[in-house]
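Working through the structure, step by step
One letter stands for each residue in the lines below.
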Amino acid sequence: MSVIEFRNVSRWYGNVVAVNDITMDIGPGVTGLLGPNGAGKSTILHMIAGFLEPSKGTLTVDGDRTWKNPEIYRRLGLVPERDSVYAFLTGAEFVTATARLHKLADPGGAARRAIELTEMSGAQDRKISTYSKGMRQRIKVAAALVHDPEILLLDEPFNGMDPRQRLHMMDLLARLGDEGRSILFSSHILEEVERLSGTIQVMVAGRLAASGDFRAIRRLMTSRPHVFRVKTSDDRRLAAALVGRDYTHAVELTSKGLQVRTSDFGAFCAQIAVITRDENIRLTELLPTDESLESVFGYLIAN
Amino acid sequence: MFNPTIAGITVRATLGRRRALLFALPAVILIGLTLVLRASRPDASDWPSQVLGDFGFSVLLPLTALIIGTGVLGAEIDDGSVVHLLATPVRRADVIVTKFAVATAATALFAAVPELIAGLIAPNEARLAVALFVGAVVGSAVYSAAFVLASVLTTRAIALGLIYVAVWEGLLSNLVGGVRILSIAHYSLGVANAIDPDKSLGAGLGLTTSLVLAVVVTVGGLYLAARRLETFALAGDPA
């Protein structure tokens, strides 16, 4: 059972702060590191993996610092985001070579087990250059798992995967988490994190915006006010109809149409068509204006 | 120190690429030129040391070493695959020593061996052939250490290496005597000249100086490269 501990960790590049005063613990199970692009997720993962030095604070795995400490890789596996692997090797050669670099007693056996775990046995004798994106991702996971690490770090592991490959990878990570390993993966897609992890760490602009049980954070996210822009044949009449609804926070008439703030995303979306039909109004545009992750996370920070 | 797994991957990465054909090109030119000169001027005694010494040590050896030395590790750093190597408990010094060994062997194969072959083709120059071969082997090691270091220091290692070879060694070391102290080509020529003294080789350093400096540059380069690799950092994502 391994624990990753951040204590007031910051990392900056020149004048740019990538990670700002993070304190958190990551323990066994699957933890999602969620945040928009550029939020500092990769920086966090690279620091845990010993490929970046914290500018300030302490970062340890079971009490050991990771920076300039290659011994940490006996307990830790890393699946980097970049798709670069030794494409001229076969999958089996790549994983076996990794096992040898870990000086495992039976590199061939360890490689076979890791390849079976990632269900890559059928393609293990093909060169990696012939693999699809999803297969490359899985062979990278096999290499990261070959020494049976307690901690597995994955940087955007679902990028480029088709839905079936995503499901397979999610099942695999869930299984590894259930075995008591500490699995930390980054993603900028809410649904990926939702399906896989009970615990999330939400990063926004280098800061830890939210931390803990996913369901509680998700409730916060869904109960926030949503803003829609609506264009109709009669904006003023629709505004009057919406004001009477309990899910409507505010309605504003603008030159670009109606701007509606609602506290219930689902109810608004379900009712808007009904209201326009009943009022005999033609709906020409319905556009959520604040659905970017940045705005969702911005709301989380503010609350 | 030497890691056979890393060596195997490096050999396949280095010699498996199409650009490996480039390694053989200068060697083919040297041997072809020697064959032409031997056919056209079979009795002349001045050209072997000039051609094999000048072309061999100013062009063939440094350029071959540059392409190979900056590629054995630099290519993996550039494309990011080095992470798979470094995310293991292998000592960083072992990585550097292994990369250096492969670069030296490959450079010797594509530069020192062709020097030997060309020397043996040249008329009555067997001793010179051996001298140039030994000098080129020494040069292969020193250049490899320097270029492996350059590849972990900067992503522009090839440009840096070209400037060193063309400006420092090709121009300045021939104009300013003191510059030769930091010229790997002159270490190689110093060793070759000690085995087969020949003024037309243009050796600017004695054997002892050449060997001492060769060892200092090689060991120092490898040490610095290992230290640098210990602090290898992946780019993050500034917010």
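Residues numbered from 1 in each chain as written. Chains lettered and ligands numbered in written order. Predicted model: local features only at pLDDT ≥ 70, side-chain atom pairs only at ≥ 80, totals over all residues.

**Quick notes on helix α2 (residues 91–101) of chain A**
Structural remark: α-helix, 3.6 residues per turn; residues separated by three or four positions point the same way. Among the 11 residues in α2(A), 10 count as buried, and that is most of the element. Taken residue by residue, α2(A) has A:G91, A:A92, A:F94, A:V95, A:T96, A:A97, A:T98, A:A99, A:R100 and A:L101 as its buried positions. Elements that come into contact with the buried residues of α2(A) comprise α3 (107–117) and α4 (133–145) of chain A together with α1 (4–16) and α5 (82–86) of chain B. Directly after α2(A), the chain includes A:K103, whose backbone phi takes a positive value near 55°. (Buried ≥ 20, exposed ≤ 12 C-beta atoms within 10 Å, placed from the backbone. Helix = DSSP H or I, 4+ residues; strand = E, 2+ residues; numbered from the N terminus. Contact = placed C-beta atoms within 7 Å.)

**Observations regarding the pairing of strand β2 (residues 16–26) of chain A**
Along a regular strand, successive side chains alternate from one face of the sheet to the other. All names here are of chain A. The sheet contact formed by strand β1 (residues 4–13) and β2 spans seven bridges and is antiparallel. Each residue of the ladder has a partner; that of V9, found in β2, is I22. Following β1, the chain reverses through two residues before pairing antiparallel with β2; G14 in that reversal takes a positive phi of roughly 60°. (Pairing = 2+ DSSP bridges.)

**Things to note about the domain arrangement of chain A**
Entries for chain A in the domain assignment read domain 1 (4–221) and domain 2 (225–302). On a C-alpha basis, the centroid separation for the pair domain 1 of chain A and domain 2 of chain A is 39 Å. (Domains from an automatic or database assignment.)

**Here we look at the sheet that holds strand β6 (residues 76–79) of chain A**
All names here are of chain A. In spatial order, the strands read β6-β7-β8-β3-β9-β10; together these six strands make up an open sheet with mixed pairing. Of all strands in the sheet, those bounded by a partner on one side alone are β6 and β10 (207–213). The sheet shows a mean angle of 15° between the axes of neighbouring strands, direction not considered. Across four bridges, the pairing between strand β3 (residues 29–34) and strand β9 (residues 199–204) is parallel. Each bridged residue has a counterpart across the sheet, and for T31 the counterpart in β9 is T199. With respect to the sheet, α4 is in contact with β6 and β7 (151–154), its orientation differing from that of β6 by roughly 165°. (Axes fitted to C-alpha atoms, helices over the stretch in contact; angles between N-to-C directions.)

**Side note on the environment of B:T10**
Here B:T10 shows up in helix α1. Separated by 66 residues in the primary sequence, B:T10 and B:E76 have C-alpha atoms spaced 9.4 Å apart.

**A few points about the sheet that holds strand β4 (residues 56–61) of chain A**
Residue and element names in this part refer to chain A. Pairing in this open sheet of four strands is antiparallel, and the strands run β2-β1-β4-β5 from one edge to the other. Two strands close off the open sheet at either side, each with one partner strand: β2 and β5 (64–65). Running at roughly 120° to β1, helix α1 (residues 41–48) makes contact with β1, β2 and β4 of the sheet.

**Looking at the interface of chain A and chain B**
By a widely used convention, the size of an interface equals the accessible area lost when the partners come together. Chain A puts 35 residues into the contact, and the matching count from chain B is 25 residues. Mapped onto the side of chain A that touches chain B, the elements with two or more residues apiece are β1, β2, α1 and α2 of chain A. Of the residues in the side of chain A that touches chain B, the class split is 19 nonpolar, nine polar and seven charged. (Nonpolar A, V, L, I, M, F, W, Y, C, P; charged D, E, K, R; others polar.)

**Topic: unusual backbone geometry**
Residue and element names in this part refer to chain A. Phi is positive for D21, close to 55°, though the residue is something other than glycine. Among the secondary structure elements, D21 is positioned in strand β2. One non-glycine residue, A205, lies in positive phi territory at about 50°. Tracing the backbone through its elements, the reader meets A205 in the loop between β9 and β10.

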